[in-house]
Amino acid sequence: MMHNFQENLEHLDQVLAEGDVRFSKYQSIPDFVRDKLVGLGGKIVYSPNQIDLDARRFQFLKTVLPREAITVVEIGANLGYFGLSLAHDRPCKYIGYEPLEFCVSAARALAELGDVSSHCEFRNEPVDLKDIQDLPDADLIIELNVLHHAGALFDKDQMQRLGWRAYGLARLKALRERSARLFFQTGNSAGNETLFQSIDAVEFVFDLLSSAGWKVKNVGTIDDLESLEYVSHSYKNRDAARIYACRRDPVSNLVEYRLDGSVVGHLMTGLANRPLWYCE
């Protein structure tokens, strides 16, 4: 076992070091995996190059998701933070789709190191619109910060034909056919193109999800940019969800967060201004 542990640890360090491309340092490594490594005398020399919101996003999901055994499919799994965490937290079967090969390799190593590999499967595949119909049936689909990359990183022809909102509607409708529940998040820009104003994110995405047949149960937003904790609101109280006006400061290269015209914070990206959605 120690031999396998050392091999997995060395492999993980190698792939994380080599995978220095876009989205390569997007996710964190779950605390329970790091704790297991410490107990065995190992450690991972890695830190994400992104606002560290994974634990807080997972906490939001835990508070709204029923505890029964579930089948989970994730599109854009990255390092598998959410699948690994769900497999550790409760009985589930998890299948994560990720087009970056090094991420899949790292996720598999993390699953082995965290003793959850029997519950987790990682597939080195993208999920375009046409592929959704072939996904396994799921109790929960996770798609976080994938949709706004359509047309740039995948489904370019579909995007040109449909336009962004119609494409988003088609994608969310297709996901509705595959799962009873959805955990969702999207950005509001694709490169230099603004898809919708950040200040309108709650109503715009609520309308998109509702039009696709999803019933929004909870929306999570961050009220305090110091604690970065998500506050959950029911769909009826979504007008209380806090959203900021954001722009990147050309001098500092940080994203400026404004509330009622006043600057209330600066962060490395606009991720903290993207609502979380739980739908059934």
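Along every chain, residues carry numbers that run from 1 in the direction the sequence is written. Restriction of local features to residues with pLDDT of at least 70 applies here, the model being predicted, together with a cutoff of 80 or more for giving and counting side-chain atom pairs; totals for whole chains, interfaces and linings are based on all residues. The basis for the side-chain values is all heavy atoms of the structure; hydrogens and waters are excluded.

Asker: Help me understand the packing of helix α7 (residues 164-176) against helix α8 (residues 201-211) in this model?
Answerer: For any two helices packed against each other, the geometry comes down to the angle between their axes and how far apart the axes lie. Interaxial distance between α7 and α8 falls to 8 Å at its minimum, and their mutual angle equals 50°. Taken together, the axes of α7 and α8 lie oblique to each other. Here α7 runs over α8; the crossing is right-handed. The segment α7 lies against α8, with W164, R165, G168, L169, L172 and K173 engaging F204, D207, L208, L209 and S211. Each residue belonging to the contact of α7 with α8 can be placed in one class, and the counts come to 6 nonpolar, 2 polar and 3 charged. Fitting a line to C-alpha atoms yields each axis, with helices limited to the stretch in contact; the angle taken between N-to-C directions then spans 0 to 180 degrees. Every helix listed is a DSSP run of H or I at least four residues long, and every strand listed is a run of E at least two residues long, numbered separately from the N terminus. When describing relative orientation, an angle under 35 degrees is termed roughly parallel and one over 145 degrees roughly antiparallel, while 65 to 115 degrees is termed roughly perpendicular and anything else oblique. Whether a crossing is left-handed or right-handed is set by the direction in which the near helix is turned from the far one by less than a right angle, anticlockwise for left-handed and clockwise for right-handed. Whether two residues touch is decided by their heavy atoms; if any such pair falls within 4.5 Å, the residues are in contact. Classification convention: Asp, Glu, Lys, Arg as charged; Ala, Val, Leu, Ile, Met, Phe, Trp, Tyr, Cys, Pro as nonpolar; all other residues, Gly among them, as polar.

Asker: Whenever I open this one, the sheet that holds strand β3 (residues 120-123) confuses me. Can you help?
Answerer: Picture the strands of a sheet paired through backbone hydrogen bonds; they go either parallel or antiparallel. Sheet architecture is open: 8 strands sit in the order β3-β2-β1-β4-β5-β13-β8-β9, paired in mixed fashion. Of all strands in the sheet, those with a lone pairing partner are β3 and β9 (230-234), marking the two edges. The mean inter-strand angle of the sheet, taken between neighbouring strand axes irrespective of direction, is 15°. The pairing criterion is simple: DSSP has to find at least two bridges between the two strands. Sheet topology note: the strand β1 (residues 70-75)/strand β2 (residues 92-97) ladder contains 6 bridges and is parallel. Its bridge partner being in β2, I70 is matched across the sheet by C92. Sitting on the sheet, helix α3 (residues 54-64) is in contact with β4 (140-144), β5 (182-185), β8 (216-222), β9 and β13 (276-279), with an inclination near 30° to β9.

Everything listed here is a matter of geometry and, on its own, says nothing about what the molecule does.
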